[in-house]
Amino acid sequence: MRRTALLIGARTGDLAGVAHDVEAMAGALDRRGFTIARHEGAAATRAGILDGYERLIRDARPQDAAVVYYSGHGGLARPPRASRAPKLQFLAPTDYAESADGDFRGITAPELSVLLVRLTSATRNVTVILDACHAAHMARGDLLVKALPAMPYLDVAEHLDRLRRQGLDTAVRDALGNPHAVRVVACGREQSAYEYTNPAGHRAGLLTDALVEALHAAGDRSVTWAELVAGVRDRVRAVMPFQRPDVEGPALRAMFEAAGVPLEPPPDGAALDAEVTIAWGRVADGRLDPLPLAGAALHAGDRVGVRVRNDGAATVHVSLLAFDVLSRIALVTALDPAGVAIAPGEEHVIGRDELDDRLGGIPLDWPADAGPDPRPRPAAFAALVTPAPVAPAERYRDLSASASGAGRRDVHHIRFRLSPAPRAAPGAG
């Protein structure tokens, strides 16, 4: 198995720690056997970054471990207040300031998602690390935020529309986040990530500094990303309490490996007793056909959606875990690893793409290693409802107990039986 890494350092504006970030990450990955391609300065323009990503995709093989790392500014373009259009996130290459009408030099999140789909089609062992943010521009003493001033929404939206007309197929993205790639992010989508002067006197990204330290401390131990990032989060929040690093995707993988950990679904519980209604259904022709919360018969290839409505007086945070027929766990709400925030009186459909409002659903797959037995087997979803953001990855191993710091939560189950054979077409038989 080869190990390859693309490290991108895009120093723009007043950032001063990007070069140190790349150097530190290169050292940490070199000690773990990675071959490293560094894109900095003139090689970290929009064209240079995309070229490096294309090379990584082209050279990837099925058993490889691949890493994509970025340190630099991030940006967020917000739609007009009355619009239902999605917010558009982007990264800022070194030629970002040269953007002009019809020539936006940022790299949008949908573009990065499509590249990631292509990379995980070549190898399922992918890790993405983003030390950037998308919140408002601000500074706090020695701490410098890694975000850009507001960008006019139409500039970014027109750029994305132009790429679609040129062939960018954003529909290949998974509405729930790429299930084959671990994504370590510096902060939540509405938070800021910071650069600071570290104890050694170097300017550095808070995430990168803490992550490199955690990788060094882990040594040769087999540590999951959930465990590693929990420690990184503690280190970062000791300096800046308002920055919350997280891990999206298959967080129970061992670092830079593809293997996961089997667990049993948590027991039902209502310690929070939130006024939340859970419903689900099979996705058919862009709608949800209702299913019972227990006993439904489904087939490999079916897609489902889960509707969560908050009838209470306070915002809740909802995470959805999936347990396959081998009891292996996956975080379905990977784009919101600390939970989807649902305000009072609102509802959210897990399985709907917020970019284009498309209900694609959650795919139900039969694991290749589950054997040839054609009989249906039990599978489940578990919806965790908490009053505040709490990453389920931190509590995978203690969901059945009231762990210290876990706080109150409700657990709602959806239990069904899954058959390995695809559903017969209408009229077949």
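Everything below is about the structure shown above.
Residues numbered from 1 in each chain as written. Predicted model: local features only at pLDDT ≥ 70, side-chain atom pairs only at ≥ 80, totals over all residues. Heavy atoms only, no water.

Brief notes about the sheet that holds strand β3 (residues 65-72)
In step 1: Spatially, the 6 strands line up as an open sheet ordered β2-β1-β3-β7-β10-β13, and their pairing is mixed. Two strands bound the open sheet, and with one partner strand each, they are β2 (35-40) and β13 (246-248). When the angles between neighbouring strand axes are averaged without regard to direction, this sheet yields 15 degrees.
In step 2: In this structure, β3 lies alongside strand β7 (residues 125-131), joined through 7 bridges in parallel fashion. In the sheet register, V67 faces β7, and the bridge partner there is T127.
In step 3: Against the sheet, helix α1 (residues 18-30) makes contact with β1 (3-10), β2, β3 and β7, and its axis sits at roughly 170 degrees relative to β1, the strand it touches most.
In step 4: Across the sheet, helix α5 (residues 206-218) lies against β3, β7 and β10 (181-185), angled at about 135 degrees from β7, the strand it touches most. (Pairing = 2+ DSSP bridges. Helix = DSSP H or I, 4+ residues; strand = E, 2+ residues; numbered from the N terminus. Axes fitted to C-alpha atoms, helices over the stretch in contact; angles between N-to-C directions. Contact = heavy atoms within 4.5 Å.)

Looking at the packing of aromatic side chains
In step 1: Tallied over the full model, the rule gives 8 aromatic pairs.
In step 2: Note on Y96 and F104: the rings are 6.1 Å apart at their centroids and 85 degrees apart in plane angle, and the pair reads as edge-to-face. Judged on exposure class, the residue Y96 and its partner F104 are both buried.
In step 3: Three or more aromatic residues joined by ring pairs make a cluster, and in this case those are F34, W225 and F256. (Phe/Tyr/Trp six-rings, centres within 6.5 Å; stacked < 30°, edge-to-face > 60°. Buried < 20%, exposed > 50% of the residue type's maximum accessible area, 1.4 Å probe, protein only.)

Structural notes on the sheet that holds strand β5 (residues 88-91)
In step 1: Taken together, 3 strands build an open sheet; the order of strands is β4-β5-β6 and the sheet is antiparallel. In this open sheet, the two strands that pair with only one neighbour each are β4 (74-77) and β6 (107-108).
In step 2: Two elements, β5 and β6, share 2 bridges in a ladder whose sense is antiparallel. When the sheet's bridge partners are listed, L91 is paired in β6 with I107.

Some details on the pairing of β5
Here is the key point about a regular strand: its side chains alternate between the two faces of the sheet.
In step 1: Burial of the side chains of β5 extends over both faces: L88 and F90 are buried on one face and Q89 and L91 on the other.
In step 2: Direction of pairing for β4 relative to β5: antiparallel, over a ladder of 4 bridges. When the bridges of β5 are listed, L76 appears paired with Q89.

Remarks on the side chain of R46
In step 1: Mapped onto the fold, R46 is located in helix α2 (residues 46-59).
In step 2: Accessibility expressed as a relative area gives 13% for R46, which makes it buried.
In step 3: Those residues within four positions of R46 in sequence are excluded, and the remaining contacts are P93, D95, F104, R105, G106, I107, E111, H159 and L163.

Notes on the state of the cysteines
In step 1: Scanning the entire structure with this criterion turns up 0 disulfides.
In step 2: Its sulfur unpaired, C133 is 4.9 Å from the next cysteine sulfur, which belongs to C187.
In step 3: Using a relative accessible area of 0% as the deciding quantity, one classes C133 as buried.
In step 4: Its relative accessible area of 8% is what places C187 among the buried residues. (Disulfide = S-S within 2.5 Å.)

Observations regarding the pairing of strand β16 (residues 287-291)
In step 1: Two elements, strand β15 (residues 276-284) and β16, share 5 bridges in a ladder whose sense is antiparallel. Considered in β16, the bridge of A284 is made with R287.
In step 2: Counted along the chain from β15 to the antiparallel partner β16, the turn is 2 residues long, and its residue D285 has a positive phi close to 55 degrees.

A short note on unusual backbone geometry
In step 1: The phi torsion at F256 lies on the positive side, around 60 degrees, for a residue other than glycine.
In step 2: The class for F256 is buried, based on a relative accessible area of 2%.
In step 3: The residue D285 is not glycine, and still its phi comes out positive at about 55 degrees.
In step 4: Here D285 lies in the loop between β15 and β16.

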